[in-house]
Amino acid sequence: MSKLIASNLHRRFREGGQDLHVLRGVDLDVRDREWLAILGRSGSGKSTLLHLLGGLDRPTEGSVAFNGDDLFKLPGGKLDRYRNAHVGFVFQFYHLLPELNALENVLVSSMIGSSAFAWPGRKRAARQRAAELLGRVGLAERLRHRPNKLSGGERQRVAIARALMNAPDVLLADEPTGNLDADTSASIIELFRSLHAAGQTIVMVTHDDAVASAADRQVTLVEGRLSTSAG
Amino acid sequence: MYKLVLISKYLRRKLAPMFAALAVTLCTMMVIIVISVMGGFLDLLRASAQRLSGDVIVSAGSFTGFPYYQELIDAIDALPEAEAATPIIRSYGLLKLGDRNNPVEVEGILPEGYDRVVGYKQSLYWTTQKMLDAFDHRYEPPLDEYEQSYRDKLAEQDLVEFGMTFDPPAARKQRAGRDDLDAIVLGIEISPRNQRDEQGRYDINRSSISDDVTLTVLPLTSEGGVLDLEIKPRPFAVVNEFKSGLYDVDANRVYVRLDTLQKMLLMDAWEKLDDEGFPTGEKTQPRVTEVLVKAAPGVPLEALRRAVDGAVRKVQRRHADMPVLFTMTWEERHRTLLSAVQNEKGMVTFLFVIISVVAVVMVGTTLYMIVLEKTRDIGILRAIGASRLGIANVFLGYGLAIGIIGALIGAGLAYLIVNNLNGIQEWLAAWFGWRMWNPQTYYFDRIPDEVKTTDAVAIGIGAVISCVVGALISAFIAARQDPIEALRHE
Ligand SMILES: Nc1ncnc2c1ncn2[C@@H]1O[C@H](COP(=O)(O)OP(=O)(O)OP(=O)(O)O)[C@@H](O)[C@H]1O
Ligand SMILES: [Mg+2]
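Residues numbered from 1 in each chain as written. Chains lettered and ligands numbered in written order. Predicted model: local features only at pLDDT ≥ 70, side-chain atom pairs only at ≥ 80, totals over all residues. Heavy atoms only, no water.

## A word on the overall build of chain B
Basically, it comes down to this: A run of H or I in DSSP counts as a helix once it spans at least four residues, and a run of E counts as a strand once it spans at least two, with each numbered from the N terminus. Computation of the radius of gyration draws on C-alpha atoms alone. For the globule rule, the value is 2.2 Å times the number of residues to the power 0.38. Categorising residues by exposure relies on relative accessible area from a 1.4 Å probe, with only protein chains included: less than 20% of the type maximum marks a residue as buried, more than 50% marks it as exposed, and the intermediate range marks it as partly exposed. We call two residues in contact when some of their heavy atoms are within 4.5 Å. Surface accessibility in these figures is a Shrake-Rupley result with a 1.4 Å probe; residues are shielded only by whichever protein chains are displayed.
Broken down by element type, chain B carries 19 helices and 11 strands. Computed over the C-alpha atoms, the radius of gyration of chain B is 33 Å, more than 25% above the 23 Å expected from 2.2 N^0.38 for a compact globule of 490 residues. Principal axes of the C-alpha set define a box for chain B whose edges measure 115 × 70 × 35 Å. Going through the 490 residues of chain B one by one, you find that 50% of them count as buried. Put simply, of all contacts in chain B between residues at least 6 apart along the chain, 77% involve residues at least 24 apart. A total accessible area of about 24500 Å² is found for chain B, and carbon and sulfur atoms account for 58% of it.

This is the structure in structure tokens:
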């Protein structure tokens, strides 16, 4: 069964009169419970593709189908809902909210998903889940710390906890180990492995073959198209 | 829900919102103070003007006045809309005070009735108590026998009563050598010796209350000629002075009894003479120039004016020789003064508009800066599912919060300052010798120190609305961005 189906995705950027054709007809089928790694050189368009899968950006052409619906034909509210509830996004550069502490950064995606009236009823359970997730990524002691008090690896793990908060159908991670040392990378991969074992669908972007080899399946972006590469 | 959390976080973590809130605080405070003080003065002025002329005035518009006024007053008294009516003569004369001749406005009044319509009694400035206070201030206790008896004598006199009866004390009549000596009450600013001190008070030792003056008036014919060829100054004993609250009036007006002025102006009843100069046995009607009417409680001005107009017509129908009479409200009588007041209100409103624009721009810029600074955060929030409306609401709510905080603090400070304005002024005067409000120069003794709650609430709401308006553009800009655009923002 497929979770996400991307068909014939094109993405061009027009910048300063120059036309940059980054994605040139990407077809991708993300299967349920699989762990997929997307490889490619820097600038090949990996992040661009992941953003399209996460509904953060719009393709110049083509579609991404989730549960049979084309994401980019959904009304604005539904697309917001998709981003909030159905995918969890881990950014290449963490992107935490600097004013909020670790716990609040994780909670915020749950808050966005519930109205101000519903929130008081859900708050307790949500806090518990957020704390639990942070515990699972090894940050049980850092709940009240703000991002500027955390190391890169710790920030990345907060970002992962945030992405998992609403139990997404698909976890999209953009270079989750890109800026980390070998030991920290290994611990993140270990975390993904256990998530995968528990049935989490994961799409991970990386340019590191060693990291990619942990995944079930690897695809490579070359000249705007995907080619299957041997794992 | 994240909106509230973010708003409160943004409010607490940044300097910029503090500046915006400070700007709102200052603007709100300033406007409330200006409106309160200015409005206070305007209200004082209006109240004084109204107090001086009752609510509705009936006038012949001439110095010769009109007869049958008692009939008119009886008719007005019968109206349910009118509480009281009193006749007056308004004329002009020369007052000789010391060696100065002052042109003055002379009003002849019936003190009791006049008091009922315009609150004359309470405008009399000198009271026995003020006189005794001044005495006690001068003589240290214990008093010797002579001083004590002098004080007792002072205490026996009722200065206000003299101003009501217009009957000078016997000693004054003796001194003048006239048993029929009449009394006069002067506006307190007429005598140049009367000076206000820093609290706006006058000194009884410099007052005119034991002076003798003379008054000259011109009896006029209906053609405007002078009636009596032998016009002589008439002596009067000053028994009190009044302070109405309108400088122009206090510097120009004197009061005498109505019947005294009628005699002086030949407007009293006198026997008509035939062509050869023999008495005919027929008497003329006494005349006055105006009748002042006070409204019964709760009766609108215009309703009273219409009712009085009806009474005037009724009397006019009975007497063919009654001149045309005009009925006007006190607002019409004081139109020039009130239009000046109105103008100043316009000025204040204009000021208010400018200040609101300043507040809008301040909050607008602050929020715009915050939006720019927070663009990445906006991208993050959108990426994890926040809607455009939600983002717009964060910034609108932010503007609202800044507005509410600023308006509340501003209103609170304004309240404190205005309520203690006179105390603050005393304090400034004591420490720095500086008076922002000097009753020596200005006519009201005190700076108005009351904030009208309705004004304050309206201004506060205005400030909050200004802030939300200022936040609109920023909120719109924030909401417009796509998540990835915002995330790529450096
Ligand atoms: N909004 C944009 N406007 C213009 N050019 C863009 C935009 N987004 C991406 N690009 C360009 O598209 C190309 C692909 O960018 P992308 O970030 O997807 O690469 P990447 O494979 O993720 O690279 P890296 O491994 O360095 O993260 C780059 O050349 C980039 O400059
Ligand atoms: Mg990238």
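Okay, back to it.
## A look at the environment of Gly65(B)
Residues and elements named next belong to chain B. Examined against the element boundaries, Gly65 turns out to sit in the loop between strand E1 (56-59) and helix H3 (69-77). For the pair formed by Gly65 and Glu81, sequence separation is 16 residues and the distance between their alpha carbons is 25 Å. If we ignore the near neighbours within four places in the chain, the residues touching Gly65 are Ala60, Met267, Arg287, Val288, Thr289 and Pro323.

## Things to note about the domain arrangement of chain B
Counted only if it meets this: Marked domain ranges trace back to an automatic or database domain assignment.
Segmenting chain B into domains produces domain 1 (2-46 + 341-488) and domain 2 (61-324). Each of domain 1 of chain B and domain 2 of chain B has a C-alpha centre, and the two are 52 Å apart.

## Considering a nonpolar patch on the surface
The criterion, for reference: Like-charged residues within 9 Å of one another, or nonpolar side chains (Val, Leu, Ile, Met, Phe, Trp, Tyr) within 5 Å, are grouped into patches, provided each residue has over 30% relative accessible area and no salt bridge. Salt bridges are counted wherever a side-chain nitrogen of Lys or Arg sits within 4 Å of a carboxyl oxygen of Asp or Glu.
On the surface, a cluster of nonpolar side chains totalling about 550 Å² of accessible area is made up of Val457(B), Ile461(B), Ile465(B), Val469(B), Leu472(B) and Ile473(B). Mapped onto the elements of the fold, Ile465(B) is located in helix H18 (residues 453-480).

## As for the site of ligand 1
We apply this condition: Whether a residue is near a molecule or strand depends on its heavy atoms: it is near if one of them lies within 4 Å of it. Any pair of nitrogen or oxygen atoms within 3.5 Å is treated as a polar contact; in protein, a donor-acceptor pairing is required on top of that, and neighbouring residues in sequence qualify only through side-chain atoms on both sides.
Neighbouring ligand 1 are 15 residues, the closest being Ser42(A), Gly43(A), Lys46(A), Ser47(A) and Thr48(A). Mapping the residues adjacent to ligand 1 onto the chains of the assembly identifies chains A and B. Within the backbone of Ser44(A), a nitrogen or oxygen atom sits 3.3 Å from an oxygen atom of ligand 1. Contact distances for ligand 1 include 2.5 Å between an oxygen atom and a side-chain N or O atom of Thr48(A).

## What about the interface of chain A and chain B?
We count it as follows: Note on definitions: buried area is the accessible-area loss of two parts on being combined, 1.4 Å probe, summed for both.
Listed per partner, the contact involves 23 residues of chain A and 23 residues of chain B. Overall, the association of chain A and chain B removes approximately 2200 Å² of surface from exposure, summing both partners, and the carbon and sulfur fraction of that is 67%. Area buried by chain A at its contact with chain B is led by His95(A), Glu99(A) and Ile112(A), which between them contribute 29% of it. Joining chain A to chain B, the criterion identifies two salt bridges. Put simply, chain A and chain B have five residue pairs in polar contact (both at pLDDT 80 or more) between them. Listing elements by their share of the side of chain A that touches chain B, those giving two or more residues are helix H2 (76-86) and helix H3 (102-112) of chain A. The element contributing the most residues to the side of chain A that touches chain B is H3(A), with five residues.

## Some remarks on the sheet that holds strand E4 (residues 61-66) of chain A
Residues and elements named next belong to chain A. Definition in use: Two strands pair under a simple rule: DSSP has to find at least two bridges between them. What counts as an axis is a line fitted to C-alpha atoms, over the stretch in contact for a helix, and the angles between N-to-C directions run from 0 to 180 degrees.
Here four strands make up an open sheet; going across it, the order is E2-E1-E4-E5 and the pairing antiparallel. Sheet topology places strand E2 (18-31) and strand E5 (69-70) at the edges, where each strand pairs with a single neighbour. Strands strand E1 (2-15), E2 and E4 of the sheet are contacted by helix H1 (residues 46-53), whose axis makes an angle of about 125° with E1.

## Focus: unusual backbone geometry
Residues other than glycine seldom take positive phi values, yet Asn8(A) does so here, at roughly 50°. When you line up the elements, Asn8(A) lands in strand E1. The backbone phi angle of Phe166(B) is positive, close to 55°, even though this residue is not glycine. In this structure, Phe166(B) sits in the loop between helix H8 (159-165) and helix H9 (170-176).

## Thoughts on helix H15 (residues 375-383) of chain B
Residues and elements named next belong to chain B. Across the nine residues of H15, eight count as buried, placing the element largely inside the fold. Where H15 is concerned, the buried positions are Thr375, Asp377, Ile378, Gly379, Ile380, Leu381, Arg382 and Ala383. One or two steps after H15, the chain reaches Gly385, where phi turns positive at roughly 110°.

## Examining the side chain of Asn194(B)
Residue and element names in this part refer to chain B. With respect to the helices and strands, Asn194 occurs in the loop between strand E4 (182-187) and strand E5 (212-217). At a separation of 2.9 Å, a polar atom in the side chain of Asn194 contacts the side chain of Glu241. Dropping the residues within four chain positions of it, Asn194 is found in contact with Trp126, Ile188, Tyr202, Asp203, Arg206, Ser207 and Glu241.

## Examining the pairing of strand E9 (residues 279-283) of chain B
All names here are of chain B. Counting buried positions along E9 yields zero of five residues, so the element is predominantly exposed. Pairing of strand E8 (residues 271-273) with E9, which is carried by two bridges, proceeds in the antiparallel orientation. Residue pairing for E9: Glu271 is matched across the bridge by Lys283.

## So, the pattern of salt bridges
Residues and elements named next belong to chain B. Throughout the structure, instances matching the rule amount to 33 salt bridges over all chains. Across the salt bridge formed by Asp167 and Lys173, the nearest N and O atoms sit 2.9 Å from each other. Residue Asp167 is classed as partly exposed on the basis of its relative accessible area of 38%. The partner of Lys374 in a salt bridge is Asp377, and the shortest N-O contact between them spans 3.6 Å. Taking the relative accessible area as the measure of exposure, Lys374 reaches 4% and is therefore buried. Through salt bridges that share partners, Arg90, Glu105, Glu107, Arg253, Glu290 and Arg333 make up one connected network.

## Some words on the coordination of the magnesium ion (ligand 2)
How we decide: Listed donor atoms are N, O and S within 2.8 Å of the metal (Na, K and Ca: 3.2 Å). As water is not included, a site may look incomplete.
Around the magnesium ion (ligand 2), the protein supplies Ser47(A) (OG) and Gln92(A) (OE1) as donor atoms, at distances of 1.9 to 2.5 Å. In this pair, Ser47(A) is assigned in helix H1 and Gln92(A) in the loop between strand E6 (87-90) and H3, connecting sequence segments 45 residues apart.

## Observations regarding the sheet that holds strand E3 (residues 35-40) of chain A
Residue and element names in this part refer to chain A. Taken together, six strands build an open sheet; the order of strands is E6-E7-E8-E3-E9-E10 and the sheet is mixed. Either end of the sheet is taken by a strand with one partner, and the two such strands are E6 and strand E10 (225-228). Averaged over neighbouring strand pairs, the angle between their axes works out to 20° when direction is ignored. Strand direction decides the pairing type here: E6 and strand E7 (residues 170-174), joined by four bridges, are parallel. Residue Val90 lies in a different strand from E7, and its bridge partner there is Ala173. The strands touched by H1 within the sheet are E3, E6, E7, strand E8 (201-205) and strand E9 (217-222), with E7 carrying the most contacts at an inclination of about 155°.

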